Amino acid sequence: VQLVESGGGLVQPGGSRRLSCAASGFTFSHYAMSWYRQAPGKERELVAGISSAGSSRNYANSVKGRFTISRDNGENTVYLQMNSLKPEDTAVYYCRGVVNGAIYWGKGTLVTVSS
């Protein structure tokens, strides 16, 4: 199993960014996926999750209405569209999958929200 995030970078407050997570090594369409983030000095926290078919999604209260999780099962990719970004969204964002009971993480992509 391999999860590779991309799309991080520096963005101004109020701006947008789309993160991608390319998955391989398992039947992607069979498994729910999620995005987590870890800010400096803080614990890793759930940002958003999506069911295997994409029909069910959940979000942390702090990102509801601003972030959207989606997936393309044909491309084995899960996305996180982030709008109206705030400085407190600054963190390393990780893709996570639970495959056959084992938890897999990507290496993360850094998003910095600053003017």
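Remember, it's a predicted structure, so these values are computed and weren't measured experimentally.

The rules we used
- Residues numbered from 1 in each chain as written.
- Predicted model: local features only at pLDDT ≥ 70, side-chain atom pairs only at ≥ 80, totals over all residues.
- Heavy atoms only, no water.
- Disulfide = S-S within 2.5 Å.
- Helix = DSSP H or I, 4+ residues; strand = E, 2+ residues; numbered from the N terminus.
- Buried < 20%, exposed > 50% of the residue type's maximum accessible area, 1.4 Å probe, protein only.
- Contact = heavy atoms within 4.5 Å.
- Core = buried A, V, L, I, M, F, W, Y, C linked by side-chain atoms within 4.5 Å.
- Pairing = 2+ DSSP bridges.
- Axes fitted to C-alpha atoms, helices over the stretch in contact; angles between N-to-C directions.
- Phe/Tyr/Trp six-rings, centres within 6.5 Å; stacked < 30°, edge-to-face > 60°.
- Lys NZ or Arg CZ within 6 Å of the ring centre and 35° of its normal.

Asks: Hey, could you go over the state of the cysteines for me, with residue numbers and the actual values?
Replies: Enumeration according to the criterion identifies 1 disulfide in this entry. At a sulfur-sulfur separation of 2.2 Å, the disulfide partner of C21 is C95. Between C21 and C95, the S-S torsion sits near -80°, and that sign places the bridge as left-handed. Of the two residues, C21 sits in strand β3 (residues 17-24) while C95 sits in strand β9 (residues 91-99), which places them 74 residues apart along the sequence. Each of the two residues, C21 as well as C95, counts as buried.

Asks: Please give an account of the environment of L80 that cites residues and values.
Replies: Within the secondary structure layout, L80 lies in strand β8 (residues 77-82). For L80, a relative accessible area of 0% translates into the label buried. Residues L80 and S70, spaced 10 residues apart in sequence, show a C-alpha to C-alpha distance of 6.6 Å. Residue contacts for L80: discarding those within four places in its chain leaves R17, R18, L19, W35, V47, A48, F67, T68, I69 and Y93.

Asks: Could you give an account of unusual backbone geometry, naming the residues involved and the relevant values?
Replies: Residue N76 is not a glycine yet carries a positive backbone phi of 50°. By the element assignment, N76 lies in the loop between β7 (67-72) and β8. For N76, a relative accessible area of 27% gives the class partly exposed. If you check the backbone angles, N100 has positive phi at about 50° while not being a glycine. Counting through the fold element by element, N100 comes out in the loop between β9 and β10 (102-105). For N100, a relative accessible area of 67% gives the class exposed.

Asks: An account of the nonpolar core is needed here, citing residue identities and associated values.
Replies: Of all hydrophobic cores here, the largest spans 27 residues; its most connected members are W35, V78, L80 and Y93. Of the residues forming this core, the biggest block, 4 residues, is contributed by β9. Discounting chain neighbours no more than four positions away, the residues touching V78 are L19, S20, C21, F28, M33, W35, I50, I69, S70, R71 and C95.

Asks: I'd like a rundown of the sheet that holds β7, residues and numbers included.
Replies: Working definition: the strands of a sheet are paired by backbone hydrogen bonds and lie parallel or antiparallel to each other. In spatial order, the strands read β1-β3-β8-β7; together these 4 strands make up an open sheet with antiparallel pairing. On the outer flanks of this sheet lie β1 (2-6) and β7, each paired with one strand and no other. Across this sheet, the average inter-strand angle for adjacent strands is 15°, counted without regard to direction. Direction of pairing for β1 relative to β3: antiparallel, over a ladder of 5 bridges.

Asks: Residues and numbers for the packing of aromatic side chains, please.
Replies: Inspection of every chain in the model, using the stated rule, returns 4 aromatic pairs. Ring geometry for Y36 versus W105: centroids 5.0 Å apart, planes at 75°, classification edge-to-face. Placement of the pair is Y36 in strand β4 (residues 33-38) and W105 in strand β10, with a sequence separation of 69 residues. Judged by its relative accessible area of 15%, Y36 falls in the buried class. In this structure an aromatic cluster arises from ring pairing among F26, F28 and Y31. Positioned above the aromatic ring of Y94, the side-chain terminus of R44 is 3.7 Å from the ring centre. Over the face of the ring belonging to F28 we find R71, whose NZ or CZ atom lies 4.3 Å from the ring centre.

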